[in-house]
Amino acid sequence: VAEVEICAGDTMESDRPDTFSFRVGSATFTSLLAGSLVGALTATWKDVPVVERNQAWPALVKTGRVMGTHAALFAAVGGTYAGVECIAEEVRGTKDSWNGILGGIAAGGIIGIKAGRIPAGLAASAALAATSAIVDLSGQTLSKQEPVDDAIPPRRMYPYE
């Protein structure tokens, strides 16, 4: 099977591949891991039903189910975002913040489908599109980058007397 050249990007910028399958795959996998972590935390904070208090196996199954549900949702959102961003970049022929905005809108739609409510989908789409635009327009960083030379203040030496 030949590799699709969507999102080929500049290979001079870094050594990592910048293909469609790599970007979507890495976004999906990273989101799956993040969703598993969120699912584990959610399962930890939820109250265990009375029937399962002294039985380990049902509690583990329930924890795994919660983790799997969150992981699947996060993976779908991350993969959709990356896929739509790459496709928009290829179709539009430009690499700008609008590609991420379109990816955010599509990813928010996944949340709306999962929630089963159109207002939730619209709100999630707007939030993810706005977040993507803010990150893209800020130079893909959320903090001010200090120059390397000024990062560590000079040491003051006090001689013994």
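Look above for the structure.
Every value quoted in this text rests on a predicted model; they were computed, and no experiment measured them. (Residues numbered from 1 in each chain as written. Predicted model: local features only at pLDDT ≥ 70, side-chain atom pairs only at ≥ 80, totals over all residues. Heavy atoms only, no water.)

Turning to the packing of helix α3 (residues 97-115) against helix α4 (residues 118-137), a few remarks are in order. Orientation of α3 relative to α4, taken along the N-to-C sense of each, is 155°, at an axis distance of 7 Å. It follows that α3 is roughly antiparallel to α4 by the angle criterion. In the packing of α3 onto α4, the handedness of the crossing is right-handed. Where α3 abuts α4, its residues Ser-97, Gly-100, Ile-101, Gly-104, Ile-105, Ala-107, Gly-108, Gly-109, Ile-111, Gly-112 and Ala-115 lie against Ala-120, Gly-121, Ala-124, Ser-125, Leu-128, Ala-129, Ser-132, Ala-133, Asp-136 and Leu-137. Split by residue class, the contact of α3 with α4 holds 11 nonpolar, nine polar and one charged. (Axes fitted to C-alpha atoms, helices over the stretch in contact; angles between N-to-C directions. Helix = DSSP H or I, 4+ residues; strand = E, 2+ residues; numbered from the N terminus. Parallel < 35°, antiparallel > 145°, perpendicular 65-115°, else oblique. Left-handed = near helix turned anticlockwise from the far one by under 90°. Contact = heavy atoms within 4.5 Å. Nonpolar A, V, L, I, M, F, W, Y, C, P; charged D, E, K, R; others polar.)

As for its placement among the helices and strands, Ile-105 is situated in helix α3. Separated by 27 residues in the primary sequence, Ile-105 and Ser-132 place their C-alpha atoms 9.7 Å from one another. Among all residues touching Ile-105, those that are not within four sequence positions of it are Ser-125 and Ala-129.

The next point concerns the pattern of salt bridges. Overall, the coordinates contain three salt bridges when judged by the stated rule. For Arg-23, the salt bridge is made with Glu-85, and the minimal N-O distance between the two is 3.5 Å. With Arg-23 in helix α1 (residues 20-45) and Glu-85 in helix α2 (residues 56-92), this residue pair connects regions lying 62 residues apart in the sequence. Across the pair, Glu-85 and Arg-23 agree in class, each one buried. The shortest N-O distance in the salt bridge between Asp-96 and Arg-92 comes to 2.7 Å. Overall, Asp-96 belongs to the partly exposed group, its relative accessible area being 31%. Each member of the salt-bridge network shares a partner with another, and the members are Arg-23, Glu-85 and Glu-89. (Salt bridge = Lys/Arg side-chain N within 4 Å of Asp/Glu carboxyl O. Buried < 20%, exposed > 50% of the residue type's maximum accessible area, 1.4 Å probe, protein only.)

A few words now on the environment of Leu-102. Note that Leu-102 resides in helix α3. Sequence-wise, Leu-102 and Ala-88 are 14 residues apart; in three dimensions their C-alpha atoms are separated by 7.3 Å. Not counting the four nearest positions on each side in its chain, Leu-102 is found in contact with Val-84, Ala-88 and Arg-92.

Along its 26 residues, α1 runs 37 Å from first to last C-alpha, staying within 8% of the 38 Å computed at 1.5 Å per residue. If you check which residues of α1 are buried, you get Arg-23, Val-24, Ala-27, Ser-31, Gly-35, Ser-36, Gly-39 and Ala-43. (Expected span 1.5 Å × (residues − 1).)

By themselves, these are just geometric observations and shouldn't be taken as functional.
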